[in-house]
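Structure assessment
Listed below are the residues making up each chain.
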Amino acid sequence: MFLASNCNNPSPGSPPQPGKAWWKEAVVYQIYPRSFQDSNGDGVGDLQGILQRLDYIKSLGVDVVWLNPIYQSPNDDNGYDISDYRAIMPEMGTMEDFDALLAGMHQRGIKLVMDLVVNHCSDEHEWFKQSRSSRDNPYRDYFHWWPAEKGAPPKRWSFFDEEENAWRFDSTTNAYYLHYFSRKQPDLNWENPKVRQEVYDLMKFWLDKGVDGFRMDVIPFISKDTAFPPLPAEYNGNFVAYYAKGPRLHEYLQEMNREVLSRYDVMTVGEGAGVSIEDALLYVDENRGELQTFFQFDIAGWGRRADNFLLPDPHNRRLPDLKAIFTKWDKVFENKGWGTVYLGNHDQSRMVSRYGNDAPPYRETSAKMLHTLLLTQRATPYIYYGDELGMTNIRFTDIADYRDLQTINTYNRLKQEGGNLQEFMEGQAEVSRDNGRTPMQWNAGTNAGFTSVTPWIKVNPNLTIINTEAQEKDPNSVLHYFRRMIQLRKAEPALVYGKYELIDAENPEVYSYTRSLDGKDFLVALSFSTEGGRTIIPDGFKAGEIRINNLEKSPVQGGAIVLEPYQAVVLELHKQ
Ligand code: GLC
Ligand code: CA
């Protein structure tokens, strides 16, 4: 059964079809506002900059924009440390700019999804200033405090802390506060009903302005066992999974849905850090009234070391493993819930450098191949700004070029501990989040047309060859292919809703699968190799029309599909 809140059909008046929803059919474009377009010459992207580029965004064919946080923030973690949830950070512009941006998007039929960061706020938020001022302050229980007279608190790991310690001693009240992220990101205490009410109120503030949904930052972490028992042994080495299993998490998500989300026609996507496939439906089974979708992390773990996600692992790059990840996540949502698919975002390095091949002979072909993958899965696709051009990792070698606190704090810690800095720096060149945060490349001019002054983070020097202006002129560009791929998805409901079936699971070079709906069948065949590769047309079918091909040459050879390096095709199939 579909809950009323989830029956979000695009055309008002027509009865919702069970299982269908606008947010399942949408293609989402993610913008990192600091890096998209600077409009006022301070080197930082801003809301007016996005406003100037709305026609470009519309031209892509995307339906929804997700904006990383633009709220008031001291920017310890680029806006993920919020000091006022109802104000715009001055670097981004004003509330008038925001209203104009929202109106401009809606005029063009584009929806806007905001980032909701409520596991933690900034230590400069008024709530925390009050909370830390005395033990009997009314805001004391807005955060998690551990009085020092109880001794040192049980170990909790922090993602960004210089000492990896999630407890920070605060001398004013002789107590430690909890911060899963940086010292400037204290965790909110969701056990306090007042905190939950504050969150619901601020969500309504933005929804009443007309925003179309939320991407919920580390939402699985909001509930904590406030007795803070020692970390159970089975989570040693995987504290993230522990953080995602708080005792009252699903109670809170259901309350949030009841109090807020169910009253609006909006989309929700949780950042599913630590969420296991076994728990997936707890979040998105329609009957439970929690979220619609979340981002799974298995795909981001591929190519990384299992024991340390800050280091790449060349041995963990088997294509059959990647296929297995997509396939098992398709399966879990076969009858209930709905998935998402992404290959890049502001926490990851660039898609083409990571899953494709950014060496000059393969860069464009492999970027197109990855777009073919993203836009033919049975899940809502998220495309990160710049990936429509095939932007690549910048691969900084000097620590001074990095801006991300995760890289910088880890570097400082390793330096202090006498750790392996060379291994770390080589690893960061591949996996640092800053690879995905360099400015959008608009043209071949100074700073790629992003800004007229020195940008907050360096522009990739390959701006001269990778930029929108050049790609607009070239009908074979990644950009034009991306647009054609979106049109194909929109023309064929089978590519959105159709059954997904993996073919040739162990093939080390080719990822191929079929998508089928209402008697229409498609074969998607993707080469992930400099050797090309071959696969087969499944039994009972013969090749029909090639609907899209990232190279000129047809790969169809009778019952076989013979692909050039990184070739991708979507082939219509006919029953034999
Ligand atoms: C999420 C965000 C990331 C941020 C962190 C803390 O993982 O995507 O960018 O640093 O949460 O808010
Ligand atoms: Ca600016």
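Residues numbered from 1 in each chain as written. Chains lettered and ligands numbered in written order. Predicted model: local features only at pLDDT ≥ 70, side-chain atom pairs only at ≥ 80, totals over all residues. Heavy atoms only, no water.

**What about the site of ligand 1?**
The full set close to ligand 1 counts 14 residues, and Asp 77, Asp 217, Glu 271, His 346 and Asp 347 are the nearest of them. The contact in question runs from an oxygen atom of ligand 1 to an N or O atom on the side chain of Asp 347, over 2.5 Å. Considering ligand 1 on its own, with 300 Å² of exposed area, one finds that the protein chains cover 96% of that surface. Grouping the amino acids of the shell around ligand 1 by side-chain chemistry returns four nonpolar, three polar and seven charged. (Near = heavy atom within 4 Å. Polar contact = N/O pair within 3.5 Å; in protein donor to acceptor, adjacent residues only side chain to side chain. Areas by Shrake-Rupley, 256 points an atom, 1.4 Å probe, with all protein chains shown as cover. Nonpolar A, V, L, I, M, F, W, Y, C, P; charged D, E, K, R; others polar.)

**So, the sheet that holds strand β7 (residues 167-170)**
Taken in spatial order, the three strands make up an open sheet running β6-β8-β7, and their pairing is antiparallel. Each end of this open sheet is capped by a strand with a single partner; those strands are β6 (145-147) and β7. Within the sheet, the average angular offset between the axes of one strand and its neighbour, ignoring direction, is 30°. Pairing of β6 with strand β8 (residues 175-178), which is carried by three bridges, proceeds in the antiparallel orientation. Across the sheet, residue Trp 145 finds its bridge partner in β8, namely Tyr 177. Lying over the sheet, helix α5 (residues 126-133) contacts β6, β7 and β8, oriented at roughly 10° with respect to β6. (Pairing = 2+ DSSP bridges. Helix = DSSP H or I, 4+ residues; strand = E, 2+ residues; numbered from the N terminus. Axes fitted to C-alpha atoms, helices over the stretch in contact; angles between N-to-C directions. Contact = heavy atoms within 4.5 Å.)

**Topic: empty space enclosed by the protein**
The final tally for this structure, using the stated rule, is three cavities of 30 Å³ or more. The volume enclosed by the largest cavity comes to roughly 110 Å³. Along the walls of the largest cavity sit Gln 296, Phe 326, Trp 329, Asp 330, Phe 333, Gly 339, Thr 340, Val 341, Gln 377, Arg 378 and Ala 379, which together make up its complete lining. Those elements giving two or more residues to the lining of the largest cavity turn out to be α11 (319-332) and β14 (340-342). With three residues, α11 is the single largest residue contributor to the lining of the largest cavity. Residues that form the lining of the largest cavity fall into these classes: five nonpolar, four polar and two charged. (1 Å grid on protein atoms, 1.4 Å probe; cavity = no way out; pocket = protein on both sides within 12 Å on 5 of 7 lines; lining within 4 Å. Points joined across faces, edges and corners; volume = space filled by probe spheres on them.)

**Some details on the packing of helix α4 (residues 95-107) against helix α6 (residues 193-209)**
The contact between α4 and α6 brings their axes to 11 Å, and the two run at 55°. As far as their axial angle goes, α6 and α4 are oblique. Residue-level inspection shows Met 95, Phe 98, Asp 99 and Leu 102 of α4 in contact with α6, the latter providing Phe 205, Trp 206 and Lys 209. Its residues assigned to classes, the contact of α4 with α6 shows five nonpolar, no polar and two charged. (Parallel < 35°, antiparallel > 145°, perpendicular 65-115°, else oblique.)

**Remarks on the pairing of strand β23 (residues 568-575)**
By the criterion of burial, β23 is predominantly enclosed, with six of the eight residues buried. Two elements, strand β18 (residues 520-527) and β23, share six bridges in a ladder whose sense is antiparallel. By the bridge assignment, Ala 525 is partnered in β23 with Val 569. With six bridges joining them, strand β20 (residues 541-549) and β23 adopt antiparallel strand pairing. Bridge pairing in β23 links Phe 541 to Lys 575. (Buried < 20%, exposed > 50% of the residue type's maximum accessible area, 1.4 Å probe, protein only.)

**Let's talk about unusual backbone geometry**
For Glu 164, which is not glycine, the phi torsion reads 60° and is therefore positive. Inspection of the secondary structure assignment puts Glu 164 in the loop between β6 and β7. We classify Glu 164 as partly exposed; its relative accessible area is 26%. One non-glycine residue, Asn 447, lies in positive phi territory at about 50°. In this structure, Asn 447 sits in the loop between α15 (421-431) and α16 (468-473). Given the relative accessible area of 18%, Asn 447 is considered buried.

**Describing the side chain of Thr 376**
Here Thr 376 is to be found in the loop between α13 (363-374) and β15 (380-384). Assessed through its relative accessible area of 0%, Thr 376 is described here as buried. Ignoring anything within four residues of it in the chain, the contact list for Thr 376 reads Met 485, Arg 489, Leu 495, Tyr 513, Arg 515, Val 524 and Val 570.

**Notes on the sheet that holds strand β21 (residues 556-557)**
Adjacent strands of a sheet pair through backbone hydrogen bonds, lying either parallel or antiparallel. If you walk across this open sheet you meet the three strands as β19-β22-β21, and the pairing is antiparallel. Of all the strands in the sheet, the pair left with one neighbour each is β19 (533-536) and β21.

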